[in-house]
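Analysis of the macromolecular model
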Amino acid sequence: MHTVVERELELRLVLSPERSIPVPALLAFRTEDPFAVHVTFHIGTAHPVNWTFSRELLIEGVFRPCGQGDVRVWPTKADGRSVVLVALTSPDGDALLEAPAAPVSAWLERTLRIVPPGTEADRLRIDDGLAALLAPTPDRGQEEPRPSDGVQDAE
């Protein structure tokens, strides 16, 4: 059975130190993809913007600066409130988003209760998939060797 943990939040797109605009977002965690968090930004167009990145990155970013490249996360204070900043970089541009720390942390705690750290790989059942892929099937069995198999040319 697959479980989804979602949370609607209003983030702030930081345009300058003095100006930001609200951006409705949906945080989603799916047990069939236990290493990732999915964020859907509703930006007022017909097509929302979707980002997927490491759950571990977001967990760590609630406590200390982390990440490099396309996604960076760090805690800070804004107007006396605890917030989590998420910097996103893509070929289309950069965005700095501010999320309220308490709801993000509460949502992350819910995901951690469902899939504790270190148990993510168990959810993927990779070993079961590999065993099924590599197991001989009754109709295949062992193939007869082809004439070129194991035959060396005599010179």
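Refer to the structure printed above.
First, a word on scope: everything that follows refers to the structure included in this document. (Residues numbered from 1 in each chain as written. Predicted model: local features only at pLDDT ≥ 70, side-chain atom pairs only at ≥ 80, totals over all residues. Heavy atoms only, no water.)

1. Details of the overall build of the protein
A count of helical and extended segments in the protein gives four helices and eight strands. For the protein, with 155 residues in total, the buried portion stands at 29%. Partitioning the contacts of the protein with sequence separation of at least 6, the portion at a separation of at least 24 is 33%. As displayed, the protein has an accessible area near 10,700 Å², and 53% of this comes from carbon and sulfur atoms. (Helix = DSSP H or I, 4+ residues; strand = E, 2+ residues; numbered from the N terminus. Buried < 20%, exposed > 50% of the residue type's maximum accessible area, 1.4 Å probe, protein only. Contact = heavy atoms within 4.5 Å. Areas by Shrake-Rupley, 256 points an atom, 1.4 Å probe, with all protein chains shown as cover.)

2. Here's the deal with the environment of Arg12
Along the chain, Arg12 falls in strand S1 (residues 4–16). Remark: the alpha-carbon pair of Arg12 and Leu85, spanning 73 residues in sequence, is separated by 9.4 Å. A distance of 2.9 Å separates a polar side-chain atom of Arg12 from the backbone oxygen of Ser20. (Polar contact = N/O pair within 3.5 Å; in protein donor to acceptor, adjacent residues only side chain to side chain.)

3. Thoughts on the pattern of salt bridges
Opposite charge on two side chains permits pairing when their charged atoms draw close. As enumerated under the stated definition, the model contains four salt bridges in all. Across the pair Glu10 and Arg12 runs a salt bridge, and its minimum N-O distance is 4.0 Å. Here Glu10 falls in the partly exposed class, since its relative accessible area comes to 49%. Between Arg64 and Glu60 there is a salt bridge, with its nearest N and O atoms 3.6 Å apart. The exposure class assigned to Arg64 is partly exposed, which follows from its relative accessible area of 46%. (Salt bridge = Lys/Arg side-chain N within 4 Å of Asp/Glu carboxyl O.)

4. Observations regarding the nonpolar core
Counting 28 residues, the largest nonpolar core has Phe41, Leu58, Val71, Val73, Val104 and Trp107 as its most contacted members. Excluding its chain neighbours within four sequence positions, the residues that come into contact with Val104 are Leu9, Leu27, Leu58, Val62 and Ala99. (Core = buried A, V, L, I, M, F, W, Y, C linked by side-chain atoms within 4.5 Å.)

5. A few points about the sheet that holds strand S2 (residues 19–30)
Reading across the sheet, the eight strands line up as S4-S3-S2-S1-S8-S7-S6-S5 and stay open at both edges, with antiparallel pairing between neighbours. Every other strand in the sheet has two partners, leaving strand S4 (49–54) and strand S5 (66–68) as the edge strands with one partner each. Strand-to-strand, the axes of this sheet are offset by a mean angle of 35°, without reference to chain direction. Across three bridges, S5 lies against strand S6 (residues 71–78) in antiparallel orientation. What sits directly across from Gly67, in S6, is Arg72. The strands touched by helix H2 (residues 101–114) are S1, S2, strand S3 (36–41), strand S7 (81–90) and strand S8 (93–100); relative to S1, the strand with the most contacts, the crossing angle is about 150°. (Pairing = 2+ DSSP bridges. Axes fitted to C-alpha atoms, helices over the stretch in contact; angles between N-to-C directions.)

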